[in-house]
Structure formats: structure tokens, C-alpha cells
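Residue-level structure breakdown
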Amino acid sequence: QVQLVESGGGLVQAGGSLRLSCAASGSIFSINLMGWYRQAPGKQRELVAGITNGGGTNYVDSVKGRFTISRDNAKNTVYLQMNSLKPEDTAVYYCHAGVKHTSYSGTYYYYWGQGTQVTVSS
């Protein structure tokens, strides 16, 4: 079994920074895509940032220039550095990863973290 464990959320004032982390553990053969999604109250879950195994990244327009996604493949960990936070960034942030298992390596399976709350006060 594979688990994604997130940390780093919290309460910050507008203009502040947080760094989220997500570590994958379990019977992992390899990890392909990793990313961060968020869901704000009353809104749909949206992709915030994604990163390929080769380091290619993409971001939702609203966070470009403020957020940076990165990964440490040796640690099976993905990070989201969030700077210049705005109240509209308030949401539960979820880690997402495509994992190829050691027990069945024929395809990738996608997992979600438990979510971590980010609250930005104005």
C-alpha cells in the first residue's frame, strides 16, 4: 500500500509564506507525475501545480510567480513553496501522485494525500 503524507499547512497573514511537503511511502517502484490540488469552500477542486519526473512544471495562472513546485525523487517527496499568499489562496491543499507499485508494475495508480489546511488572513 502507498500513503501520501502532507505537512506544512497553517494560518498566515496575507503576504506571508508557507512550504507544503508531501512524502510518498510504501511499496513504490517508481513515481511519475506529482502535483498539488486545492479545494476552497464552495468551489471545485483545482490543479494548483504539477511536476513531471523530468522536472517539467505547470501552474494555474493565479499562482504563477508566487508558487514553486519541486520534488526530491530520492525521498519520493514533492514540495510547494507558496509566497506572497493571498486570502483567495485559502483552501485545503491535496497532494496527488502517480505511483507504480512493486507488486504490480504494469501501470501507474493515482493516490491522494489527506489534505492540509492553508488559511490566509486579510
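As shown above, the structure is provided for reference.
1. Re unusual backbone geometry
- In this structure, Asn-76 is a non-glycine residue whose phi angle is positive, near 50°.
- Note that Asn-76 resides in the loop between β7 (67-72) and β8 (77-82).
- Among the residues examined, Asn-76 registers a relative accessible area of 24% and is labelled partly exposed.

2. Remarks on the pattern of salt bridges
- As enumerated under the stated definition, the model contains 4 salt bridges in all.
- Between Arg-38 and Glu-46 there is a salt bridge whose closest N-O contact spans 2.8 Å.
- Overlapping salt bridges, with partners in common, bring together Arg-38, Glu-46, Arg-66 and Asp-89 in one network.

3. Some thoughts on the pairing of strand β3 (residues 18-26)
- Note: strand β1 (residues 2-7) against β3, 6 bridges, orientation antiparallel. Bridge pairing in β3 places Leu-4 opposite Ala-24.
- In the sheet, β3 pairs with β8 via 6 bridges, with the strands oriented antiparallel. Pairing of Leu-18 across the sheet is with Met-82, part of β8.

4. Things to note about the sheet that holds β7
- The antiparallel open sheet is built from 4 strands, whose spatial order is β1-β3-β8-β7. Two strands lie at the open edges of the sheet, namely β1 and β7, each paired on one side alone. Here the strands of the sheet are splayed against their neighbours by 15° on average, with no regard to which way each runs.
- Examined bridge by bridge, β7 and β8 share 6 bridges and lie antiparallel to one another. In the sheet register, Phe-67 faces β8, and the bridge partner there is Met-82.

5. Here we look at the nonpolar core
- In terms of nonpolar packing, the biggest core is built from 30 residues, with Trp-36, Phe-67, Ile-69, Val-78, Leu-80, Met-82 and Tyr-93 touching the most fellow members.
- Contributing elements (two or more residues each) for this core: β1, β3, β4 (28-39), β5 (46-51), β7, β8, β9 (91-101) and β11 (116-121).
- Counting residues per element, this core draws most heavily on β9, at 5 residues.
- Not counting chain neighbours up to four residues away, the residues in contact with Leu-80 comprise Leu-18, Arg-19, Leu-20, Trp-36, Val-48, Ala-49, Phe-67, Thr-68, Ile-69 and Tyr-93.

6. Looking at the pairing of β9
- Summarising burial for β9: 10 of the 11 residues are buried, a large majority.
- As defined by bridge partners, β4 adjoins β9 across 9 bridges and the pair is classed as antiparallel. By the bridge assignment for β9, Ile-31 is matched with Val-99.
- In this structure, β9 lies alongside β11, joined through 3 bridges in antiparallel fashion. Pairing of Tyr-93 across the sheet is with Thr-116, part of β11.
- Bridge analysis of β9 against strand β10 (residues 109-112) gives 4 bridges, and the strand direction is antiparallel. Paired with His-96 across the bridge in β10 is Trp-112.

Calculation rules
- Along each chain, the written sequence defines residue order, and numbers are assigned to residues from 1.
- Where local features are concerned, this predicted model is filtered to residues with pLDDT of at least 70; where side-chain atom pairs are given and counted, the filter is 80 or more; whole-chain, interface and lining totals use all residues.
- Calculation of side-chain values draws on the structure's entire complement of heavy atoms; hydrogens and water are dropped beforehand.
- Only runs of H or I of at least four residues qualify as helices and only runs of E of at least two qualify as strands under DSSP, and these elements are numbered from the N terminus.
- The classification of residues rests on relative accessible area computed with a 1.4 Å probe and restricted to protein chains. Under 20% of the type maximum is buried, over 50% is exposed, and intermediate values are partly exposed.
- Think of a salt bridge as a Lys or Arg side-chain nitrogen and an Asp or Glu carboxyl oxygen that are within 4 Å of each other.
- Any two strands with at least two DSSP-identified bridges between them are counted as paired.
- Lines are fitted to the C-alpha atoms to define the axes, a helix being fitted only along its stretch in contact, and any angle between axes, read from their N-to-C directions, falls within 0 to 180 degrees.
- As used here, the term nonpolar core means buried Ala, Val, Leu, Ile, Met, Phe, Trp, Tyr and Cys residues forming a set that is joined through side-chain atoms within 4.5 Å.
- By definition, residues are in contact when any of their heavy atoms lie within 4.5 Å.

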